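A closer look at the structure
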Amino acid sequence: MLATFFLCCAMLSATATDNQQPQGTPPPVRLLLFAQTTPRSITISSSSPVTVTTAIDPPQKTERKRLPRTEIRAERDGRMLRVGTTNAASVVITGERIILQSEGRKRVVAGIVTITQQGKQLRVVATIAQQQYLSTALASESASGEPFQYLIALSVLQRNYLQTHRNRHQPDADLCDNTHCQRADNTSPSKTVQRAVAAAAKIQLTDTTTDGTAYPCYYSANCGGSTLTPKQVWGSSEAGYSAVACDFCRQGKWNRWQRATAATPQVEQLVRQAPPAPFLSDDFKIAMGRMVGFNVVLSNTVENIERREGKFWFSGRGFGHRVGLCCAGGMTLAKRGRAAAEILRTYFPDASVGVAEVK
Ligand SMILES: [Zn+2]
Ligand SMILES: [Zn+2]
């Protein structure tokens, strides 16, 4: 089957009409920050003046000022948060460089930061431009020195992920900054990353066989020799995916792997509940990860389990869920001179997948 290609100008204008957004101004992203730790306190500051609105049940006070280092803390009663020495129901800060720190983690936001208390924890949501989100996500999911055309292809998928997963943290946020969604915690995207995001804006990866328009979006570090479909891994069909044979990740360190962990009674019980190897199970990978860490069973594909020397030895293929773009393979193709659109066509070859480019 041949891939279908569209002229990008037609597709971009169609997208703009669908979203009721003027062309060139995609909707902002509401990003839940510090999602990994659900913080009880953060320190917030700014080097230039910001607008701070503090709501105190319900009167509001708005000031424009340089924000000194200010601790915002969740109060134990779960109703009010504490800003410095005063109580408040919520705080909204708007500025070009708002610095937030919590438990050794740092975030820098250009946009709006909204802080409320939820239960005993703070809920910190940044409202930022799509470009800022995509640059942060690409910098977080890549390493320096990775080939430029591969970065462009990855950014297309990350934008598609944003488009198709905005409902994950409703009602007040779209996505989080942790691996539950896509990691988006790198506060200093390089110029290369920003150029890759700009170049990715010219490429559309879609599947139009469904009644609406589907946007394939998954990527995985190493497919272990062939990619899988969402149906194979999660049991639910999604448009735009195929199982693709991939020989381009063979040299990658996770193509084949073997790891061991102590044969504790808990691990033994999980192994007993697993299907006989070889097997494909996302549930097993996740259950093992939660029990002994995610660096033992690296993917959903376990080919052999052996017990010796008081340990379980697991061997398998690939890293992650193995669905969509194989990142190790995509890097190999980019190093061999393939353009981002060609890389995407390789891993999303179904006839209904369209990749469009503006030259
Ligand atoms: Zn999330
Ligand atoms: Zn691969």
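If you're wondering where the values come from, they're calculated on a predicted model, not measured in any experiment.

**Side note on the overall build of the protein**
When helices and strands are tallied, the protein shows 9 helices and 19 strands. The 359 residues of the protein split such that 40% are buried. The contacts in the protein between residues at least 6 apart in sequence include a share of 69% that link residues at least 24 apart.

**Observations concerning the sheet that holds strand S14 (residues 256-262)**
An order of S14-S17-S16-S15 is seen for the 4 strands of this open sheet, with the pairing classed as antiparallel. The two strands at the open ends of the sheet, each matched to only one other strand, are S14 and strand S15 (279-280). Bridge count between S14 and strand S17 (residues 311-317): 7 bridges; the pairing is antiparallel. Note that in S17 the partner of glutamine 258 across the bridge is serine 315.

**Focus: unusual backbone geometry**
Put simply, glutamine 170 and proline 171 share a cis peptide bond, and its omega is 10 degrees. Turning to its location among the elements, proline 171 is positioned in the loop between helix H3 (148-164) and strand S11 (175-176). Despite not being glycine, glutamate 103 has its phi angle at roughly 50 degrees, a positive value. Structurally, glutamate 103 can be placed in the loop between strand S8 (90-102) and strand S9 (105-118). The phi angle at arginine 322 is positive, at roughly 70 degrees, despite the residue not being glycine. Tracing the backbone shows arginine 322 in the loop between S17 and strand S18 (325-326).

**Considerations on the pairing of strand S5 (residues 70-74)**
The sheet contact formed by strand S2 (residues 41-46) and S5 spans 4 bridges and is antiparallel. The residue of S5 that forms the bridge with isoleucine 42 is isoleucine 72. Across 3 bridges, the pairing between S5 and strand S6 (residues 81-83) is antiparallel. Residue pairing in the sheet places alanine 74 in a bridge with leucine 81 of S6.

**Considering the packing of helix H6 (residues 265-273) against helix H7 (residues 282-292)**
Contact geometry of H6 with H7 gives a least axis separation of 11 Å together with a crossing angle of 180 degrees. Between H6 and H7, the crossing angle belongs to the class labelled roughly antiparallel. Touching Gln266, Val267 and Leu270 of H6 are Ala287, Met288, Met291 and Val292, all from H7. Taken together, the residues of the contact of H6 with H7 break down into 6 nonpolar, 1 polar and no charged.

**Quick look at the environment of leucine 31**
Among the structural elements, leucine 31 can be located in strand S1 (residues 29-33). We classify leucine 31 as buried; it has 28 C-beta atoms within 10 Å. It is 9.8 Å that separates the C-alpha atoms of leucine 31 and arginine 166, two residues lying 135 residues apart in sequence. Those residues in contact with leucine 31, other than ones at most four positions away along the chain, are Val125, Ala126, Ile128, Tyr133, Ala173, Asp174, Leu175, Asp177 and Ala184.

**What about the nonpolar core?**
Residues Leu31 and Ala153 are the most contacted members of the largest nonpolar core, which totals 89 residues. Looking at this core element by element, the count peaks at 9 residues for H3. Residues within four places of alanine 153 in sequence aside, it is in contact with Leu325, Gly330, Ala340, Ile343 and Leu344.

**Description of H7**
Here H7 has its buried residues at Phe284, Lys285 and Met288. Angular distribution of buried residues about the axis of H7 spans 100 degrees; they occupy a single face of the element. Across H7 from its buried face, at more than 90 degrees, point the exposed residues Asp283 and Arg290. Buried residues belonging to H7 abut H6 and strand S16 (301-308). Positive backbone phi, approximately 100 degrees, marks glycine 293, located one or two places after H7.

**Observations regarding the packing of helix H2 (residues 130-140) against H3**
With their axes 10 Å apart at the nearest point, H2 and H3 run at an angle of 125 degrees to one another. Between H2 and H3, the interaxial angle falls into the category oblique. Where H2 crosses over H3, the two elements pack in a sense that is right-handed. Contacts between H2 and H3 pair Tyr133, Leu134, Ala137 and Leu138 from the former with Leu151, Leu154, Ser155, Gln158, Arg159 and Leu162 from the latter. When its residues are assigned to classes, the contact of H2 with H3 shows 7 nonpolar, 2 polar and 1 charged.

**Quick notes on the environment of alanine 153**
Here alanine 153 shows up in helix H3. The sequence separation of alanine 153 and leucine 205 amounts to 52 residues, and the corresponding C-alpha distance is 9.5 Å.

**Section: the pairing of S1**
Across the 5 residues of S1, 5 count as buried, placing the element largely inside the fold. On S1, burial covers both faces: Val29, Leu31 and Leu33 on one face and Arg30 and Leu32 on the other are all buried. Where S1 and strand S10 (residues 121-128) come together, 5 bridges link them in antiparallel fashion. Bridging from a neighbouring strand, leucine 32 pairs with valine 125 of S10. Inspection of the sheet shows S1 paired to S11 by 2 bridges, in the parallel sense. When the bridges of S11 are listed, leucine 31 appears paired with leucine 175.

So, how was this worked out
Residues numbered from 1 in each chain as written. Chains lettered and ligands numbered in written order. Predicted model: local features only at pLDDT ≥ 70, side-chain atom pairs only at ≥ 80, totals over all residues. Helix = DSSP H or I, 4+ residues; strand = E, 2+ residues; numbered from the N terminus. Buried ≥ 20, exposed ≤ 12 C-beta atoms within 10 Å, placed from the backbone. Contact = placed C-beta atoms within 7 Å. Pairing = 2+ DSSP bridges. Axes fitted to C-alpha atoms, helices over the stretch in contact; angles between N-to-C directions. Parallel < 35°, antiparallel > 145°, perpendicular 65-115°, else oblique. Nonpolar A, V, L, I, M, F, W, Y, C, P; charged D, E, K, R; others polar. Core = buried A, V, L, I, M, F, W, Y, C linked by C-beta atoms within 7 Å. Arc of directions from axis to C-beta. Left-handed = near helix turned anticlockwise from the far one by under 90°.

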